[in-house]
Amino acid sequence: MSSHNDLERTSLPPSDETAGTPSGRGEAVDWDLLLEEQDNLWRDVATDPRADTEREWLGEKPSQPTGDRPEKAGTASADDEATPLGVLHRYWGYPTFRLKQAEIIESVLAGRDTLGLLPTGGGKSITFQVPTMLHDGLTLVVTPLIALMKDQVDGLNKRGMSATAIHSGMEYKEIQRALDNCLYGGCKFLYLSPERLASPLFLACLPELPIRLIVVDECHCISQWGYDFRPSYLKIAEIRRYYPAVPLLALTATATPEVVADVMARLSFRKPHVISSSFARDNLQYIVRPTMDKATELLHILASTSGSAIVYCRNRKKTQELTEMLQETGISAHYYHAGLTHAEREIKQNAWMAGEVRVMVCTNAFGMGIDKPDVRLVVHWSMPVALEEYFQEAGRAGRDGQRAFAVVLYERRDRGMLLQRVQNEFPDKAYIRDVYDTLYSYLGIGLGEGMERSYEIDLEAFVRTEHLHPIRSLSALHILELAGAWELLLDEARSRLIVEVSREELYYIRGLSAQDDKVLRAVLRNYSGLFADYVFIDERTLSIQTHLTGEAVYESLVRMSQRGIIHYIPRKRLPRILFYTRRERKHHFLIPPEVYELRKEAMTKRLTATVAYLDSQQGCRQSMLLHYFGEELAVPCGRCDLCLARKARSQRSEETLEVRLKALLEQMEEPSPTLRDLAKSLGVKTKALLPILQKLLEEDDRYRTDGVHLYKNK
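Residues numbered from 1 in each chain as written. Predicted model: local features only at pLDDT ≥ 70, side-chain atom pairs only at ≥ 80, totals over all residues. Heavy atoms only, no water.

Q: I'd like a description of the overall build of the protein chain, backed by residues and values.
A: A count of helices and strands for the protein chain gives 26 helices and 21 strands. The buried share among the 714 residues of the protein chain stands at 50%. Long-range contacts, defined here as pairs at least 24 residues apart, represent 76% of the contacts in the protein chain between residues at least 6 apart. Of the roughly 34000 Å² of accessible surface on the protein chain, a fraction of 50% belongs to carbon and sulfur atoms. (Helix = DSSP H or I, 4+ residues; strand = E, 2+ residues; numbered from the N terminus. Buried < 20%, exposed > 50% of the residue type's maximum accessible area, 1.4 Å probe, protein only. Contact = heavy atoms within 4.5 Å. Areas by Shrake-Rupley, 256 points an atom, 1.4 Å probe, with all protein chains shown as cover.)

Below, the structure is given as C-alpha cells:
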C-alpha cells in the first residue's frame with residue numbers, strides 16, 4: 001500500500017478545504033423531487049429562450065423584440081463580417097482564434113483537403129462553422145455522436161445559423177423534412193450520422209445538395225488502425241465522387257502518425273495536408289500511483305486536492321459503488337453511465353457542471369461534449385486499453401490553463417485485466433461462428449434466408465437465453481458486423497416531437513381536453529425550437545410536472561399527434577438488426593484478416609504501449625504520451641511523477657556528494673588540487689562536480705578557484 005507520506009513526491013497539494021460538501025450523503029436520490037425543483041428553477045430563469053408567441057399562448061408577458069437573429073455578440077461592420085475574424089466576433093463574441101483554428105480555417109477557405117489535429121476542448125467545431133458562414137452553400141458534417149450532434153444543431157440555430165441533423169434514430173418524415181430544409185430552406189449545416197450515408201433517401205438527394213464543404217468529425221473512426229474503428233465511416237469516401245472539387249476537413253483530437261496517414265488515404269485526400277497543435281499540456285501533471293488499496297488512495301487524493309473531479313471506471317456497477325463510498329465519507333458525488341434515463345443523466349450532469357456536486361464517477365459515456373474548464377482532477381480507477389482514449393479523458397482536466405492532475409490508480413492485477421481485454425475483444429473464430437449460427441436460430445431464420453430483413457432484438461435476453469459469455473458474445477456480434485453479416489441499428493432511445501401547426505394557429509386550437517392542454521403547456525414550457533425541428537423530450541419529466549401518469553402523458557401526446565397539432569415519435573426500446581447476407585453454414589462464412597487478425601494485432605500494439613506507460617519507472621510521462629502521437633518533447637515536463645522522483649533522487653545525490661567533497665577537502669594535504677583530480681577521487685565526472693563546487697564557493701570563503709585548480713585561502 002502506498003504511504004500517505006508519498007503525497008509530496010507527486011505534488012498533489014494539501015488542501016485546507018473540505019473535500020466534500022454537506023450534500024454528499026449516502027441517501028437515495030429522490031428523482032421526482034429533483035425534477036420538480038428543476039421545474040421551479042426553470043420558471044425563475046430570466047433569459048427564457050422561448051418565442052414570444054409561445055409566451056403569450058402560455059399567458060406570460062412577451063419579451064422585448066430582438067429581430068430575427070439573436071443579439072449579436074459584437075458590432076462588427078459589414079466589411080468585418082466578410083472575414084473569419086468578423087464571423088467569429090459576430091456569432092460567438094470571441095476576439096481571437098485559439099490554437100491552430102485560424103490556420104485550419106484559412107486552409108479550408110483556400111479549398112485544400114485538411115486534417116486538423118486539435119486537443120480535446122480545442123474548439124474543433126469553430127474550424128468549419130466559421131468558413132461555412134463565409135460561403136453560400138451547405139456544409140455536410142459527418143459525426144457519430146448523436147447527442148453532441150443535437151447540441152451543436154441547437155446551439156447554431158440559437159445563434160442564427162440554420163442547421164439540421166439526420167441520424168439513425170429518425171423516421172422517413174423527419175429525414176425528408178431535414179433534406180427539404182437543405183435543398184430549399186437555405187440551411188447552412190447538415191449533421192449526418194455515418195449510418196445514414198448509404199440510406200436511399202439521402203443518396204437520392206445527394207447530387208442536388210449545394211455542398212461546399214465536407215467535414216468528418218472523429219475522423220480516426222475511419223481507420224482500422226484506430227482505437228474506435230467504425231465501418232460505417234468507410235462510406236464517406238463515396239460522397240467525394242459526387243463532389244470531387246469540394247474541400248474536405250477531417251478532425252480528431254487523438255491520432256498516431258499511422259492513423260493520420262490511413263485517414264488521409266481512406267478519405268481520398270487530393271494532397272496530404274495536416275495541421276496539428278502540440279499535444280503537450282504544460283499545466284497538467286500526469287501521475288501513475290501504484291497501490292494495493294485503490295479506495296484509500298482515492299480518498300487520500302481527493303482530500304489532498306480541491307475543485308471539481310472526474311473518476312473514470314470501466315463498468316456501471318463500480319460507478320455506483322464508488323459514489324456510495326464517497327458520499328459516506330462526506331464527499332459530494334454522482335455516478336453517470338449510459339444505462340441511466342435521460343432525465344437522470346441531465347440532472348446529474350447539470351449539478352456537476354454547476355459545482356453543486358464535486359465528483360462525477362462515470363464510465364466513458366460521460367465527457368464527450370462536456371466543456372467544464374475548471375476540472376482540477378481526473379482519476380482513472382481503471383485504465384482504458386488505448387492511450388488515445390486515456391489522453392482524451394485525462395485531457396478534460398485543466399482546460400482553463402490552471403494546474404490540474406491526471407492520476408491513474410494502478411494495482412498489480414490491473415496489468416492482467418488489461419491483457420485479458422484482447423481475448424474478450426477477439427474471441428476464437430470458432431466461437432464467433434457459433435454466435436453467428438446461434439443468432440440466426442434465435443431469430444428463427446433458416447439457411448439461405450434473412451437477406452435485407454430487419455428484426456428487433458433484445459441483446460441482453462439473447463445472451464441470457466443462449467447462455468453466452470456477455471462480453472465475448474457482444475464482441476463476436478461486432479466482428480460479424482464488421483465482416484458484413486449485418487448491422488446493429490442502435491436507435492436513440494429518446495422520444496422526439498415537433499409542433500406541426502404555426503405559432504399563430506396555436507390560438508385557434510379548439511376541443512383540447514384539460515389533460516391534453518396541460519401536457520401541451522408543459523411541452524412548450526420545457527422545450528425550445530419545437531416549431532423548427534424535432535426536439536428530444538422526456539415523458540417522465542412531463543409526468544411529474546403535470547401530475548399525470550406516464551401512460552396518461554403518452555396518450556395525450558398520441559391524441560395531439562393524431563390531430564396534427566404535433567408529430568410525436570415515442571422512443572424505441574430495442575435495437576434492430578439488419579441482415580446484409582443470407583444465412584449460410586457457419587464454417588462457410590468468411591471473417592477476413594482486416595476484420596480479425598489485423599485489428600487484433602493493432603489492439604495488441606496499443607495495449608503494449610499502454611502497459612509500458614503504466615509500468616515505466618524512468619523517463620517522463622508526458623514525453624511518452626507525445627512520442628506515441630508522433631511528437632517529441634525537447635525536455636522532460638518536470639511535473640509528472642517520474643520527473644519529480646528523478647529530481648528527488650538527484651537532490652539526494654547532490655547532498656551526498658557535497659558531504660563527501662567537504663570531507664575530502666578536510667583530509668587532503670595537497671593545497672591546490674585540480675578539479676579533475678577531485679572529481680576522480682570522488683568517482684564522478686567533472687561536470688557533475690561543478691554545481692557542488694559552485695555552492696561550496698558561495699557558502700565557504702576559505703576556498704577559491706581559477707577554473708582549473710581549487711585553492712584554500714590562508
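Past the structure itself, the notes keep going.
Q: Which residues make up the packing of helix H15 (residues 412–425) against helix H18 (residues 470–482), and what values do they have?
A: H18 packs onto H15 with a crossing angle of 55 degrees between their chain directions and a minimal axis gap of 8 Å. The angle between H15 and H18 falls in the class oblique. Residues Gln 420, Gln 423, Asn 424 and Glu 425 of H15 lie in contact with H18, whose contacting residues are Ile 471, Arg 472, Ser 475 and Ile 479. (Axes fitted to C-alpha atoms, helices over the stretch in contact; angles between N-to-C directions. Parallel < 35°, antiparallel > 145°, perpendicular 65-115°, else oblique.)

Q: Explain the pairing of strand E4 (residues 189–192) to me, and be specific about the residues and the numbers.
A: Where burial is concerned, the two faces of E4 agree: the one with Phe 189 and Tyr 191 and the one with Leu 190 and Leu 192 are both buried. Relative to E4, strand E2 (residues 138–142) runs parallel, the two being bridged by 4 bridges. In the sheet register, Val 141 faces E4, and the bridge partner there is Tyr 191. With 4 bridges connecting them, strand E3 (residues 163–166) and E4 associate as parallel partners. When the sheet's bridge partners are listed, Thr 164 is paired in E4 with Leu 190. (Pairing = 2+ DSSP bridges.)

Q: Tell me about the confidence of the model for the protein chain, and name the residues and values.
A: On average, residues of the protein chain score 84 in pLDDT, and 87% of them reach the 70 mark or higher. With pLDDT under 50 throughout, residues 1–11 is counted as low confidence; its partners more than four residues away or in other chains account for 22 contacts. Here residues 13–79 is a poorly scored stretch, pLDDT under 50, and it has 105 contacts once near neighbours within four places are set aside; other chains count. (pLDDT = per-residue confidence, 0-100.)

Q: For the environment of Arg 413, give the residues involved together with the corresponding values.
A: Note on placement: Arg 413 falls in helix H15. A residue is classified by how much of its surface remains accessible, and Arg 413, at 59% relative accessible area, is exposed. Expressed as a C-alpha distance, the spacing of Arg 413 and Met 292, which sit 121 residues apart in the sequence, is 9.5 Å.

Q: How would you sum up the pattern of salt bridges? Please name residues and give values.
A: The final tally for this structure, using the stated rule, is 27 salt bridges. Between Lys 429 and Glu 597 there is a salt bridge, with the nearest N and O atoms lying 2.9 Å from each other. Linking Lys 429 in helix H16 (residues 429–442) with Glu 597 in helix H22 (residues 597–615), this pair joins segments that are 168 residues apart in sequence. Glu 597 sits in the partly exposed class, given a relative accessible area of 36%. (Salt bridge = Lys/Arg side-chain N within 4 Å of Asp/Glu carboxyl O.)

Q: Got a sec to walk through the sheet that holds strand E14 (residues 454–456)? Specific residues and values, please.
A: Whenever strands of a sheet pair, they do so through backbone hydrogen bonds, lying parallel or antiparallel. On the basis of which strands lie adjacent, the open sheet formed by 3 strands has the order E14-E19-E15 and antiparallel pairing. In this open sheet, the two strands that pair with only one neighbour each are E14 and strand E15 (486–489). Direction aside, the axes of adjacent strands within the sheet are offset by 20 degrees on average. Pairing of E15 with strand E19 (residues 576–579), which is carried by 4 bridges, proceeds in the antiparallel orientation. Within the sheet, the bridge partner assigned to Trp 486 lies in E19 and is Phe 579.

Q: Mind laying out the packing of helix H24 (residues 641–667) against helix H26 (residues 686–699), listing which residues take part and the relevant values?
A: Direction vectors running N to C along H24 and H26 enclose 65 degrees, while the axes themselves pass 10 Å from each other. Compared by their axis directions, H24 and H26 come out roughly perpendicular. For the pair H24 and H26, the crossing hand works out as right-handed. For the pair formed by H24 and H26, the contact residues are Glu 654, Leu 657, Glu 658, Leu 661, Lys 662 and Leu 665 on the first element and Ala 688, Leu 689, Ile 692, Leu 693, Lys 695, Leu 696 and Glu 699 on the second. Of the residues contributing to the contact of H24 with H26, the split by class is 8 nonpolar, no polar and 5 charged. (Left-handed = near helix turned anticlockwise from the far one by under 90°. Nonpolar A, V, L, I, M, F, W, Y, C, P; charged D, E, K, R; others polar.)

Q: How would you explain the sheet that holds strand E6 (residues 248–252) if you had to name every residue and give the values?
A: Pairing in this open sheet of 7 strands is parallel, and the strands run E3-E4-E2-E5-E6-E1-E7 from one edge to the other. Both edges of this open sheet fall to E3 and strand E7 (274–276), since each of them pairs with a single strand only. With strand direction ignored, the average angle separating the axes of adjacent strands in the sheet is 20 degrees.

Q: Lay out H26 with the relevant residues and their values.
A: Residues lying three or four places apart along an α-helix face the same way, a consequence of the helix completing one turn every 3.6 residues. End to end, H26 covers 20 Å across 14 residues, agreeing with the expected 20 Å (1.5 Å per residue, within 8%). Taken together, the buried positions of H26 are occupied by Leu 689, Ile 692, Leu 693 and Leu 696. Looking at the buried positions of H26, the neighbouring elements they touch are H24, helix H25 (675–682), strand E20 (703–705) and strand E21 (710–712). (Expected span 1.5 Å × (residues − 1).)

Q: How would you sum up empty space enclosed by the protein? Please name residues and give values.
A: Applying the stated criterion to the full structure yields 4 cavities of 30 Å³ or more. The volume enclosed by the largest cavity comes to roughly 110 Å³. Taken together, Ile 146, Lys 150, Ala 165, His 167, Met 170, Glu 174, Arg 496, Asp 533, Tyr 534 and Phe 536 form the lining of the largest cavity. Looking at the lining of the largest cavity residue by residue, the classes come out as 5 nonpolar, 1 polar and 4 charged. Taken as a whole, the second largest cavity encloses approximately 40 Å³ of empty space. Surrounding the second largest cavity, Ile 310, Trp 352, Phe 366, Gly 367, Ile 370, Lys 372, Val 375, Arg 396 and Arg 399 form its lining. (1 Å grid on protein atoms, 1.4 Å probe; cavity = no way out; pocket = protein on both sides within 12 Å on 5 of 7 lines; lining within 4 Å. Points joined across faces, edges and corners; volume = space filled by probe spheres on them.)

Q: Provide a residue-level description of the pairing of E19, including the pertinent values.
A: Covered by surrounding structure in E19 are Ile 577 and Phe 579 only, the residues Arg 576 and Leu 578 on the alternate face being uncovered. Pairing geometry for E14 and E19, over 3 bridges, is antiparallel. Residue pairing across strands places Ser 454 opposite Leu 578, the latter belonging to E19.

Q: If you had to explain the side chain of Gln 285 to someone new, which residues and values would you point to?
A: Residue placement: Gln 285 occurs in strand E8 (residues 284–290). Exposure remark for Gln 285: the relative accessible area of 3% places this residue in the buried category. Within the structure, the side chain of Gln 285 is placed 3.5 Å from the side chain of Arg 403, a separation counted as a polar contact. (Polar contact = N/O pair within 3.5 Å; in protein donor to acceptor, adjacent residues only side chain to side chain.)

Q: Talk me through helix H3 (residues 84–91); I want residue IDs and the actual numbers.
A: Listed in full, the buried residues belonging to H3 are Gly 86, Val 87, Leu 88, Arg 90 and Tyr 91. Contacts from the buried residues of H3 go to helix H5 (126–132). At the exit of H3 stands Gly 93, carrying a positive phi of roughly 80 degrees.

Q: Can you explain the packing of aromatic side chains? Please cite residues and give values.
A: Counted by the stated rule, this structure contains 19 aromatic pairs. Ring centres 5.2 Å apart and planes at 55 degrees place the aromatic pair Phe 391 and Phe 629 in the tilted group. Of this pair, Phe 391 sits in helix H14 (residues 387–394) while Phe 629 sits in the loop between helix H23 (621–628) and H24, placing them 238 residues apart in sequence. For the ring pair Trp 486 and Phe 579, a centre distance of 5.7 Å and an interplane angle of 90 degrees mean the geometry is edge-to-face. A residue pair is termed long-range when its members are at least 10 positions apart, and Trp 486 in strand E15 and Phe 579 in strand E19 qualify at 93 residues. Under the relative-accessibility criterion, Trp 486 is labelled buried at 1%. With relative accessibility at 0%, the residue Phe 579 sits in the buried group. Connected via pairs of aromatic rings, a cluster forms that spans Tyr 436, Tyr 440, Tyr 455, Trp 486, Phe 579 and Phe 589. The aromatic ring of Tyr 335 is capped on one face by Lys 348, whose charged end is 3.8 Å from the ring centroid. Here Lys 372 stacks its cationic end above the ring of Trp 352, 5.4 Å away from the centre of that ring. (Phe/Tyr/Trp six-rings, centres within 6.5 Å; stacked < 30°, edge-to-face > 60°. Lys NZ or Arg CZ within 6 Å of the ring centre and 35° of its normal.)

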